[in-house]
Structure formats: structure tokens, C-alpha cells
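The residues making up each chain are set out below.
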Amino acid sequence: MEQVLPFYVVCDESYSMANVIDDLNNGLRELHAAVGSDPVVADKTRFGVIGFSDDAEVLLELSDLSEVTQMAGLAVKGGTNFGAAFKLLRDTIDADVAQLKNDGCRVYRPAAFFLSDGQPNYEWKDDYDRLTDPAWKPRPNIVAFGFGSVDEATIASIGTFKSFIANGTLSPGKALHEFASALTKSIVQSGTNMTDDGKVELQVPNEVPGFTRLEADEL
Amino acid sequence: MTEGKLDLVPPPAPPAWGDRAEPWVPDTVGRRAKAAEAAWKLDPDPDFPDTVLDRGRLGDIEVLACAARGSKHRFEGTARQDAAIARAAAGSWALAAVADGVGSVPDSQQASTAAVQWLLIELTRRLETGEAEPHKMVRAAFGEVNRRLVNLGGPKTTLTAAGVEALPGPDGRYRSWVAAVGDSPVYFLRDGRLVAVFDLEREDEFGTATDAMPDRDLRNRLRLRSAPIRPGDALALVSDGIGDLLGARSEEPKAYFAERWGAAPNPVDFMRHVQIRSRGFDDDRSAAVLWAAPGPTGQDAPALRDAARPSAAHDVEIRAGRLRGLEVRAVSSRGLEAAREGRRRRARTVLFERAGRLVAITAAPTGVDATADHVGPWVAAVREAVEGFPPDHPSSEWMPNLWSLAVRAFDATPGARLDEVATAVLCAEPSPGGAVDYELALAGPVSAAIFGAGIHQELGTIRAPEHRWGTGPGEVPCRVHVDRLTPDQGLLLTVGVDPARFARLPERPGPLEAYGVLEGERAEEDQLALVLWGER
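Residues numbered from 1 in each chain as written. Chains lettered and ligands numbered in written order. Predicted model: local features only at pLDDT ≥ 70, side-chain atom pairs only at ≥ 80, totals over all residues.

A.B. asks: How would you explain the overall build of chain B if you had to name every residue and give the values?
C.D. replies: Regarding its fold elements, chain B presents 13 helices and 24 strands. Against the 2.2 N^0.38 benchmark of 24 Å for 536 residues, chain B shows a C-alpha radius of gyration of 24 Å, consistent with a compact globule. Its C-alpha atoms give chain B principal-axis dimensions of about 80 × 65 × 45 Å. Across chain B, contacts joining residues at least 24 apart in sequence account for 74% of those joining residues at least 6 apart. (Helix = DSSP H or I, 4+ residues; strand = E, 2+ residues; numbered from the N terminus. Rg over C-alpha atoms; globule rule 2.2 N^0.38 Å. Contact = placed C-beta atoms within 7 Å.)

A.B. asks: So what's going on with the overall build of chain A? Which residues, and what values?
C.D. replies: Helices and strands together make up the secondary structure of chain A, namely 6 helices and 9 strands. Rg of the C-alpha trace for chain A: 16 Å, near the compact-globule value of 17 Å for 219 residues, within the 12% margin. Reported as C-alpha extents along the three principal axes, the dimensions of chain A are approximately 45 × 35 × 35 Å. Residues classed as buried in chain A amount to 56% of the 219 residues present. (Buried ≥ 20, exposed ≤ 12 C-beta atoms within 10 Å, placed from the backbone.)

A.B. asks: Can you tell me about the interface of chain B and chain A, naming the residues and giving the values?
C.D. replies: On the side of chain A, 40 residues touch chain B, which itself brings 37 residues to the contact. Among the elements that take part in the side of chain B that touches chain A, helix H1 (residues 71-76) of chain B stands out by supplying 4 residues, more than any other. A per-class count over the side of chain B that touches chain A returns 13 nonpolar, 11 polar and 13 charged. As paired elements, strand S4 (residues 70-72) of chain A and strand S1 (residues 5-7) of chain B share 3 bridges and run antiparallel to each other. Bridging across to S1 of chain B, Gln 70 of chain A finds its partner in Asp 7 of chain B. (Nonpolar A, V, L, I, M, F, W, Y, C, P; charged D, E, K, R; others polar. Pairing = 2+ DSSP bridges.)

A.B. asks: Give a detailed account of the sheet that holds strand S6 (residues 159-165) of chain B, specifying residues and quantitative values.
C.D. replies: Residues and elements named next belong to chain B. Spatial ordering of the open sheet is given by S4-S5-S6-S7-S10, a layout of 5 strands whose pairing is antiparallel. Since the sheet does not close on itself, it has two edges, and those belong to strand S4 (82-89) and strand S10 (223-226), each with one partner. Between one strand axis and the next, the sheet turns through 10° on average, direction left out of account. Lying on the sheet, helix H2 (residues 108-128) is in contact with S4, strand S5 (93-100) and S6; it crosses S4 at an angle near 15°. (Axes fitted to C-alpha atoms, helices over the stretch in contact; angles between N-to-C directions.)

A.B. asks: Let's hear about the sheet that holds strand S24 (residues 527-534) of chain B: which residues, and what values?
C.D. replies: Remark on secondary structure: sheet strands pair via backbone hydrogen bonds, oriented parallel or antiparallel. Residue and element names in this part refer to chain B. Strand order in the open sheet formed by 12 strands is S9-S8-S11-S12-S3-S2-S13-S14-S24-S23-S19-S20, with antiparallel pairing between adjacent strands. Looking at strand neighbours, the two that pair on one side only are strand S9 (193-196) and strand S20 (455-458), the edges of this open sheet. Across the sheet, the mean angle separating the axes of adjacent strands is 15° when strand polarity is ignored. As paired strands, strand S23 (residues 490-495) and S24 are joined by 6 bridges and run antiparallel to one another. Its bridge partner lying in S24, Leu 491 is registered against Leu 532. Its contacts with the sheet place helix H7 (residues 267-274) against strand S2 (51-58), strand S3 (61-68), strand S12 (285-292) and strand S13 (316-323), and it is angled at close to 45° to S3.

A.B. asks: I'd like a rundown of H2 of chain B, residues and numbers included.
C.D. replies: The terminal C-alpha atoms of H2 of chain B, which comprises 21 residues, lie 30 Å apart, in line with the 30 Å expected from a rise of 1.5 Å per residue. Downstream of H2 of chain B by a residue or two, Gly 130 of chain B has a phi angle that is positive, lying close to 85°. (Expected span 1.5 Å × (residues − 1).)

A.B. asks: Lay out the nonpolar core in plain terms, naming residues and giving numbers.
C.D. replies: Residues and elements named next belong to chain B. Counting residues in each nonpolar core, the largest one holds 232 residues, and the members touching the most others are Cys 66, Ala 94, Ala 96 and Leu 119. The biggest single contributor to this core is H2, with 10 residues. No fewer than three residues from each of domain 1 (34-42 + 50-199 + 211-292) and domain 2 (316-534) sit in this core. For Ala 96, the contacting residues outside a window of four places in its chain are Val 63, Ala 65, Ile 85, Ala 86, Ala 161, Ala 162, Leu 237, Ala 288 and Leu 290. (Core = buried A, V, L, I, M, F, W, Y, C linked by C-beta atoms within 7 Å. Domains from an automatic or database assignment.)

A.B. asks: Lay out the environment of Trp 136 of chain A in plain terms, naming residues and giving numbers.
C.D. replies: Residue and element names in this part refer to chain A. In this structure, Trp 136 sits in the loop between helix H4 (125-131) and strand S7 (141-146). Residue classification places Trp 136 among the partly exposed residues on the basis of 13 C-beta atoms within 10 Å. Separated by 26 residues in the primary sequence, Trp 136 and Pro 110 place their C-alpha atoms 12 Å from one another.

A.B. asks: Give a detailed account of the domain arrangement of chain B, specifying residues and quantitative values.
C.D. replies: Residues and elements named next belong to chain B. Structurally, chain B comprises domain 1 (34-42 + 50-199 + 211-292) and domain 2 (316-534). Domain 1 and domain 2 are separated by 32 Å when their C-alpha centres are compared. Facing the 15 residues of domain 1 at the interface are 17 residues of domain 2. Those elements giving two or more residues to the side of domain 1 that touches domain 2 turn out to be S2 and H7. Split into classes, the residues belonging to the side of domain 1 that touches domain 2 amount to 9 nonpolar, 3 polar and 3 charged.

A.B. asks: Give a detailed account of unusual backbone geometry, specifying residues and quantitative values.
C.D. replies: Residue and element names in this part refer to chain B. Omega for the bond connecting Glu 22 with Pro 23 falls within 30 degrees of zero, at 0°, which places this linkage in the cis form. Here Pro 23 shows up in the loop between S1 and S2. Put simply, Met 213 and Pro 214 share a cis peptide bond, and its omega is 0°. Its identity as a non-glycine residue notwithstanding, Ala 90 has a phi of 55°, on the positive side. Inspection of the secondary structure puts Ala 90 in the loop between S4 and S5.

A.B. asks: How would you summarise the pairing of S3 of chain B if you had to cite specific residues and measurements?
C.D. replies: The side chains of a regular strand alternate, residue by residue, between the two faces of the sheet. All names here are of chain B. For S3, the tally of buried residues reaches 8 of 8 residues, placing the bulk of the element in the interior. Burial along S3 is two-sided: Ile 61, Val 63, Ala 65 and Ala 67 facing one way and Glu 62, Leu 64, Cys 66 and Ala 68 facing the other are all buried. In the sheet, S2 pairs with S3 via 8 bridges, with the strands oriented antiparallel. Bridge assignment links Gly 56 to a residue of S3, and that residue is Val 63. As consecutive antiparallel partners, S2 and S3 are separated by 2 residues, and within that stretch Gly 59 has a phi angle of approximately 55°, a positive value. In terms of strand pairing, S3 meets S12 through 8 bridges, oriented antiparallel.

A.B. asks: Now, about the packing of H2 of chain B against helix H3 (residues 134-150) of chain B: what can you tell me, with residues and values included?
C.D. replies: All names here are of chain B. Between H2 and H3, the shortest axis-to-axis distance is 9 Å and the interhelical angle comes to 140°. Relative to H3, the element H2 is oriented oblique. Of the two possible hands of crossing, H2 and H3 adopt the one that is right-handed. Listed contacts from H3 to Ala 111, Ala 115, Trp 118, Leu 119, Glu 122, Leu 123 and Arg 126 of H2 are Met 137, Ala 140, Ala 141, Phe 142, Glu 144, Val 145, Arg 148 and Leu 149. Looking at side-chain class alone, the contact of H2 with H3 contains 11 nonpolar, no polar and 4 charged residues. (Parallel < 35°, antiparallel > 145°, perpendicular 65-115°, else oblique. Left-handed = near helix turned anticlockwise from the far one by under 90°.)

A.B. asks: Give me the confidence of the model for chain A: which residues, what numbers.
C.D. replies: All names here are of chain A. The predicted model of chain A has a mean per-residue pLDDT of 85, with 93% of residues at 70 or higher. The lowest-confidence element of chain A is helix H6 (residues 172-192), averaging 74 in pLDDT; the highest-confidence one is H4, averaging 96. Predicted confidence for residues 195-200 stays below pLDDT 50, and this span has 21 contacts to residues more than four positions away or in other chains. (pLDDT = per-residue confidence, 0-100.)

Next up, the structure:
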């Protein structure tokens with residue numbers, strides 16, 4: 001019988017991520033510390049991690065971060081299969097929401113932070129449409145971050161809430177650290193700024209250092 | 001780090017804060033709420049104190065109304081956005097309202113606080129002019145409040161209200177109505193069961209959207225229903241801070257309130273129930289409950305205040321928080337005499353931060369003159385003086401200078417009489433190791449005591465004031481102490497309550513316990529207490 005705001009990070013683990021994976025893992029560690037020191041946020045948010053390359057897997061089941069002492073870190077693998085990530089995210093959200101509701105929780109609309117540095121080499125549109133289907137009630141707000149060789153238009157078309165693309169002003173490692181910091185801020189701000197009119201539940205910074213925000217009309 | 005694993009170190013748990021001991025600590029349903037155990041920051045605007053409560057009786061109707069900051073606003077140091085009120089109208093109707101300022105709009109506490117007051121004033125005006133048809137009257141009053149809220153220029157609020165006639169009709173039932181715009185629900189309490197009066201379904205089960213005022217389409221937003229009640233029944237109006245708990249699939253919260261609110265609890269318990277803890281439920285809390293409770297009452301039963309004499313003052317007000325290394329509690333409560341006569345509380349405590357220091361003002365009437373309010377203008381004068389002359393001003397004698405500025409501003413008020421006020425003005429800041437440096441100005445019969453190890457001593461008996469002011473003819477004498485509390489000492493400012501009651505407590509009191517001390521020693525006059533100590 002809690003009120004829960006689920007957050008998911010959906011992260012590219014393709015080979016091209018090799019140089020930056022440590023920065024991302026450090027970012028997750030800082031996220032854990034920030035949530036643990038804010039009881040309002042810790043009480044209300046849950047956090048899960050999905051990694052994807054040729055396939056997708058749940059690296060951290062939707063968890064109460066203040067009770068997590070160890071998680072599978074991100075590790076580089078093969079190609080870039082967006083579709084597998086979107087499909088697993090939808091299935092995971094369905095299962096998590098059902099479980100939370102079964103536990104008597106009230107669930108707020110989930111938020112998903114999607115991060116990729118590469119071109120998808122699998123078909124993904126159908127899985128994306130299923131993930132964002134207006135008829136599917138727990139569809140997540142998606143915040144998309146792109147960097148490396150990712151296509152700007154692709155990233156802009158994935159974010160349903162906000163989209164960002166790395167602009168080269170920071171090294172990839174630093175940019176990803178900023179991504180993790182934006183994620184932390186979003187969780188803390190959203191966890192503490194639950195509003196009554198439902199429109200601005202998710203609080204994501206408009207500016208993330210090292211990234212340029214893509215406007216929806218740039219599609 | 002294990003291969004491929006991230007080891008994560010949880011930060012150390014913060015020390016427990018506030019009310020920690022039975023019977024003061026609020027109960028928990030469901031999982032433990034860590035946010036509810038976190039230290040509070042002070043209210044950012046002293047005009048919106050952490051917790052307020054109205055109480056009283058009109059005819060057969062007993063009413064309690066309480067609004068309290070939720071753990072989120074307490075942890076962040078942001079303002080309470082809920083409001084709750086209870087009043088009597090035209091000597092024949094008990095009225096109550098709760099409002100929940102919409103969090104996504106700034107300053108929504110302005111809207112909620114104004115809405116509950118305006119609504120009760122509008123209803124009273126119509127009742128006094130003999131408007132007989134309740135629904136027509138309620139619609140018109142909501143309409144008027146809706147119009148006035150537009151003038152606030154942005155803040156929005158839900159608004160839920162109820163009226164119950166003070167005496168039963170020929171059928172033994174009490175005429176009543178309930179009305180609501182937005183998601184602050186109303187429950188009907190009968191035979192140990194809570195039943196929602198209005199449909200509670202949200203349009204988007206994953207969202208938090210609600211109707212709110214002002215709204216151009218008020219006619220279609222306002223839900224209104226007659227709800228005649230029988231002796232023993234009650235109507236409970238709550239904000240969604242409690243409503244979401246009651247709407248949860250678990251039966252536990254419903255059972256909790258149904259069991260405790262079958263008949264009116266004492267006001268400290270009511271306040272504690274309102275602050276029930278449950279993980280993730282960190283929103284502001286408010287509840288106003290009207291019980292149809294015919295039967296004899298004690299001679300000191302408090303009377304519901306008359307809505308025709310509008311005032312923002314609630315019958316009880318609690319402020320508390322931690323500010324840099326300082327811990328403070330401040331409580332004021334309506335005295336027995338004012339309660340019997342349905343008058344408002346005039347004793348006041350105000351806490352705020354200025355230039356990194358804690359500034360506190362306590363003031364209570366000393367005289368028998370119930371018609372003039374000297375306390376309000378005095379507190380306003382001191383606040384204004386602090387604004388213009390903040391405590392970081394490089395003046396060697398800040399407090400004496402502040403005092404004379406405040407006196408000058410107060411004297412400009414027509415009819416102002418400082419000899420009708422018992423007051424203390426305090427400025428404190430932490431000193432290393434848990435000590436507290438303070439400057440304290442005292443005038444009139446206010447007790448200032450140093451306490452520790454179960455005993456207390458009046459400040460004036462252990463130390464001569466550094467300054468004495470106002471010793472000339474016609475002036476009000478003021479004594480100024482500039483001193484330091486050691487880490488094992490606390491400072492107690494009280495009116496209408498024995499300081500020994502605080503000094504003897506085994507632990508330093510949480511906010512509810514501080515109010516409990518006042519309730520344990522009801523006095524004819526208004527009561528107030530301020531307790532300050534350094535964080536060890």
C-alpha cells in the first residue's frame with residue numbers, strides 16, 4: 001500500500017561502449033548514494049536496470065535502492081538491438097506493475113531513461129510502438145540520450161518526454177557522468193515533486209552538460 | 001568489487017528525530033516510512049505554520065479540523081499546502097472545510113488557506129441572511145470563492161466542505177450537506193465503517209490529476225450532496241494525503257481511522273492520527289471531522305468559533321524544526337475562557353530564519369480586555385523590525401536596537417498598548433559543541449527558564465539582564481539577556497503553563513509531545529511554549 005514511482009535505465013552495452021562503461025557504473029554508484037541519503041525519494045522510488053546489445057537482459061530488478069548493496073554492473077557485449085530492449089522493458093513494466101499493484105501499491109507512471117551510442121542493427125519500430133501504445137495504461141515516459149555514432153533523428157523519435165544528444169563539448173566519459181547525474185536529479189526531483197495535476201510528474205533537467213536537447217519539432 | 005558486480009555502500013542512517021516515544025509518536029500502517037522520521041526544517045513562511053488545529057462544539061455537533069505538513073515538505077523545508085478549518089455559522093450550523101493546494105503551481109498554500117476561510121465566511125453570510133435552500137447557498141458560496149481565487153493570479157486548490165445543523169430535525173436526524181471540487185474526499189462514518197460519499201475513481205490510474213479551483217467550469221466540477229446524519233454518525237473530510245491511504249487496496253488504513261474516529265478523540269490524538277505514517281505517503285495531511293454527538297458536555301467544552309468574525313488564527317498552532325545546530329518547538333493553544341466563549345486564540349509564537357539565525361517571537365495577552373488585540377500588531381511590528389534590521393547587522397547591541405525599533409513601530413498603531421502583551425523576542429545561533437548563543441528580550445509576565453537534568457530555573461533569578469529598557473514613566477520595562485546555553489541546557493519560554501512540566505520530561509519533547517504538555521494543563525488564558533536547545 002505504498003505509492004511508487006518506478007524508474008528504469010535502459011542502457012546500450014554494445015562494443016563501442018567499452019571506454020565509457022566505468023564512468024556509467026560510477027554514475028550508478030553515485031545515484032545509489034544520492035537516493036540513500038534522501039528518505040523521501042528512497043521511500044517512493046524504485047529503480048531497475050536493463051542492458052542491451054544483441055539481446056536484452058534485466059541487470060537490476062526493480063528495487064528499493066536503499067536496500068540494494070550489490071548489483072550487476074554494465075559490461076560490454078555485441079551489437080545494438082533496440083527492439084529487444086523495448087520489448088523487455090514493456091514486459092518488465094507489465095510484470096513489475098502487476099506485482100506492485102498486487103502488493104497493494106499505487107503506481108505512478110514509470111519513467112525510462114534510454115541510452116545508446118550506436119545505430120540499431122535490428123528492426124525495432126514495432127516493439128517501440130508497443131512500448132508507447134496509448135492504449136497500454138502503464139506506458140512509460142521515455143527520456144532518450146544519444147551519443148557516439150547514434151542518429152539524432154532516431155534518438156529524437158525515441159524520447160516521449162525529452163531527448164538529448166551528446167554535442168562533443170565533453171569527453172564521452174564525462175558526458176555519461178552527466179547523464180547519470182541528470183538521471184539522479186530526475187529521480188530526486190520527481191520523487192519529491194509529485195504533483196497533483198499529473199502533468200509534470202517527471203522532472204528532468206532541461207539542460208544536461210555535454211548534451212544538446214532535441215526539440216520534438218526537429219524530428 | 002566482485003567481477004562484474006557493483007558493490008554499493010548504503011549511507012549511515014540519520015539519527016531519529018522529533019516524537020520518538022509512546023504515546024506521542026504517530027502510528028505506522030504498512031511499511032515503515034523513513035521520510036516521516038527525518039528531521040524537519042522550519043516552515044519557510046511563518047504565516048503557514050507546520051500544524052494547525054481547530055476544535056469545538058456547536059449544539060450536538062463536535063468538530064475537529066487539523067492540517068499538517070507532510071514528511072516531504074518537512075524534510076525539504078517547504079510550506080504546508082493543505083488547509084483545514086472548522087467554524088460555527090449563524091449559531092445553527094457547524095461548518096468545516098479542507099483544501100489541498102495544487103503542488104505544481106507555486107504558492108498554492110495561499111489558495112488553500114484563503115479558500116477555506118472565504119468559503120466559510122460566504123456560507124455564514126448567506127445563512128445569516130436567511131438563505132434557506134442549502135444547495136443553492138453552497139453553490140453560490142463556491143462560486144464566490146472561485147471568483148476570488150482568480151484574483152490570486154495562479155495558485156489553485158481543491159476545496160471540500162460540509163455543514164451539519166447543530167440540532168436534529170423532527171426525524172431525529174441532522175440536516176447536512178457535503179460539497180467538493182477535486183480529489184479531497186469525504187467519508188461517512190457509521191457503526192465503525194467508513195464509506196466514501198463521492199466516487200473516488202481517478203481518470204488516469206497512473207496519474208495524479210485533480211480538479212481544482214479556480215475553474216471556469218465550476219458548475220460541472222462541483223459535486224454536492226445532502227447527507228443527513230444520525231446521532232453517532234460522523235462526516236470526515238480529508239485531503240488526498242489521507243484519502244490516498246484510505247483508497248488503498250489494504251483495509252488497514254480504513255480500519256485504523258474507523259476505529260479511532262467513531263467518536264471524537266482528544267485533539268492531541270486526532271493530530272497524531274492525521275500524521276499516521278506509511279511508506280511513500282509523504283503528502284500534507286488534513287482532516288476535518290464533524291460528529292453528531294448529542295448529550296451533556298463538560299462546562300469547559302470548547303465552543304466552535306464564529307465564522308462571522310474572520311481570523312486566520314487557528315485554535316492550536318505547532319511549529320518545530322532543526323536549523324543549523326538548533327532544535328526548536330513552539331506551540332500555542334486557545335485558553336479555556338476563550339474556548340468557552342467561542343473566541344479566537346490570541347497567544348502567538350512565530351519562528352523564522354534570518355541571516356542564518358533563528359528568530360522567535362512569542363506574545364500573549366495579559367489583560368482582561370477581550371475586545372482589543374494588541375498581540376497581533378506587536379508581532380507584526382517585531383517582524384517588520386527584524387526585516388529592516390536583521391540580526392547580522394554590525395551593531396554591538398542588536399537586540400536593544402531591534403526592541404526600540406519594534407516599540408516605535410508598534411506605538412504608531414492606534415490604541416496600541418504594550419503593557420497588555422507578555423512577550424519574548426529571541427535570536428539564537430549554534431555555537432560549537434552543542435552550545436547555543438542567544439539574545440532574549442522579555443516584557444510582561446512571560447516565564448523564561450533555563451532547564452536541564454530535570455530541573456529549571458527562571459532566568460531572572462540566576463542572572464541579571466545585560467540591559468534594561470523602558471524604565472522611564474509610561475514605558476514598558478524590557479529586560480535583555482545575552483548569554484549562552486551549554487550543551488546540557490535548554491531554554492523555555494512559557495505563558496499559561498508550568499515550565500516544570502517541560503523540564504521534568506525524560507527526553508526533550510517532539511512537536512506532538514510539546515502540544516500534549518499544554519493539553520495536560522489547560523489554563524483559563526491562552527497558552528504558549530517555546531523550547532530551544534542545541535543539537536548534541
